[in-house]
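Listed below are the residues making up each chain.
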Amino acid sequence: MISILSQPWPWYVSGPLITFIMFLLLWTGGKFGVSSNLRSLCAIGGGGKYSDFFRFNWKNNVWNLVFVLGAVLGGFIASNYLQSPVLLTLSDATVSDLQELNVSFNGGLLPAEFFTWSGLMTVKGFLTIVVGGFLVGFGARWAGGCTSGHAISGLSNLQIPSLIAVIGFFIGGLMMTHFLLPLILK
Amino acid sequence: MKYAKYLLIGILFGIIMTKSEAISWFRIQEMFRFQSFHMFGIIGSALMFGVPMVIFMKRKHLNTIGGNPILFEDKKISVSRYLYGGILFGLGWALSGACPGPMFTLVGNGFSVILVSLGSAILGTFVYGLVRDKLPH
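Residues numbered from 1 in each chain as written. Chains lettered and ligands numbered in written order. Predicted model: local features only at pLDDT ≥ 70, side-chain atom pairs only at ≥ 80, totals over all residues. Heavy atoms only, no water.

Novice: So what exactly am I meant to see when it comes to the packing of aromatic side chains here?
Specialist: Aromatic ring pairs are defined here through the distance separating the ring centres and the angle between the ring planes. What the rule picks out here adds up to 28 aromatic pairs over all chains. Measuring from centroid to centroid gives 5.3 Å for Phe 53 of chain A and Tyr 128 of chain B, while their planes differ by 80°, and the two rings are edge-to-face. Separated into two different chains, Phe 53 of chain A in the loop between α3 (36-44) and α4 (62-81) and Tyr 128 of chain B in helix α6 (residues 114-131) make up a pair that spans both. Overall, Tyr 128 of chain B belongs to the buried group, its relative accessible area being 0%. (Phe/Tyr/Trp six-rings, centres within 6.5 Å; stacked < 30°, edge-to-face > 60°. Helix = DSSP H or I, 4+ residues; strand = E, 2+ residues; numbered from the N terminus. Buried < 20%, exposed > 50% of the residue type's maximum accessible area, 1.4 Å probe, protein only.)

Encoded structure:
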């Protein structure tokens, strides 16, 4: 059993399981949307002193903070007890595209060159880790949700605003991947 | 322990995100280069089940385990906030290779430097709160 679960899970298993997560959260009185936790954390940190946007009762959202704490633990469990016996199989085209950008694929989850504490001090590391994170936080709140809130929850509920947001995600992602990353990484 | 169930659901979510490799920077690159079906398959199959599930739940007026009706709110119609916010989010998603859920799960996978990404995402949310009145919505 463990050896089967330790293999990488195919998309047709993972996707429906994500729907199941959405169902469990709805059924228990929550909803599936991760980025609103970042707003709660701003409120807990005293953000209300600086903006009305952080003056709300974050205590109603503690359940969601517990959910993401679980997501951290789940990552720990998966990487320690369900460790994959095989390397990540990335498409050959991506491997060679990234090679041209001086990013080597090592079979791991993240490029080893800059996703480390020492890499953080390099230009590539600072841009991917710090600037990337900032854009994710700013953009998610401006758009009113992230991949979970818009692409999964919103689209499942046939929300046109979520479709616009997801189109935006891809416009931004394609611009970064095809125009900006070559400038940043080369 | 009313929160214990959310911890368990979160643990399951973290395991799914890790085992599906959706938390991988490389997989996100592959997606934005349209060089594999993997990420599209994950999101697409989630929706293939998600759309009929939400229709069913709305029709049946299902209740939560606490006995309250499960509510689905319609999002306010507008273009600018979703489009501009979405574009900024997409720029960040392709750059950092992770959206907020995977960031949490990557920390659990032992990539402690991703705590800096999370801190930066919180800062981004905070700055949005400061300037939101000046942005189109």
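Novice: How do you make sense of the domain arrangement of chain A when you look at a structure like this?
Specialist: Frequently, the measure chosen for interface size is the accessible area that the parts lose on association. Residues and elements named next belong to chain A. Per the domain assignment, the segments of chain A are domain 1 (1-83) and domain 2 (89-186). The C-alpha-based centres of domain 1 and domain 2 are spaced at 19 Å. Between domain 1 and domain 2, the residue contacts involve 10 residues of the former and 10 residues of the latter. Of all residues in domain 1, Met 22, Phe 32 and Ser 35 give up the largest surface area on contact with domain 2, accounting jointly for 58% of the area buried on that side. In this assembly, domain 1 and domain 2 are joined by 0 salt bridges. The interface formed by domain 1 and domain 2 contains 3 residue pairs in polar contact (both at pLDDT 80 or more). Residue composition of the side of domain 1 that touches domain 2, grouped by class: 6 nonpolar, 3 polar and 1 charged. (Domains from an automatic or database assignment. Contact = heavy atoms within 4.5 Å. Buried area = accessible area lost by both parts, 1.4 Å probe. Salt bridge = Lys/Arg side-chain N within 4 Å of Asp/Glu carboxyl O. Polar contact = N/O pair within 3.5 Å; in protein donor to acceptor, adjacent residues only side chain to side chain. Nonpolar A, V, L, I, M, F, W, Y, C, P; charged D, E, K, R; others polar.)

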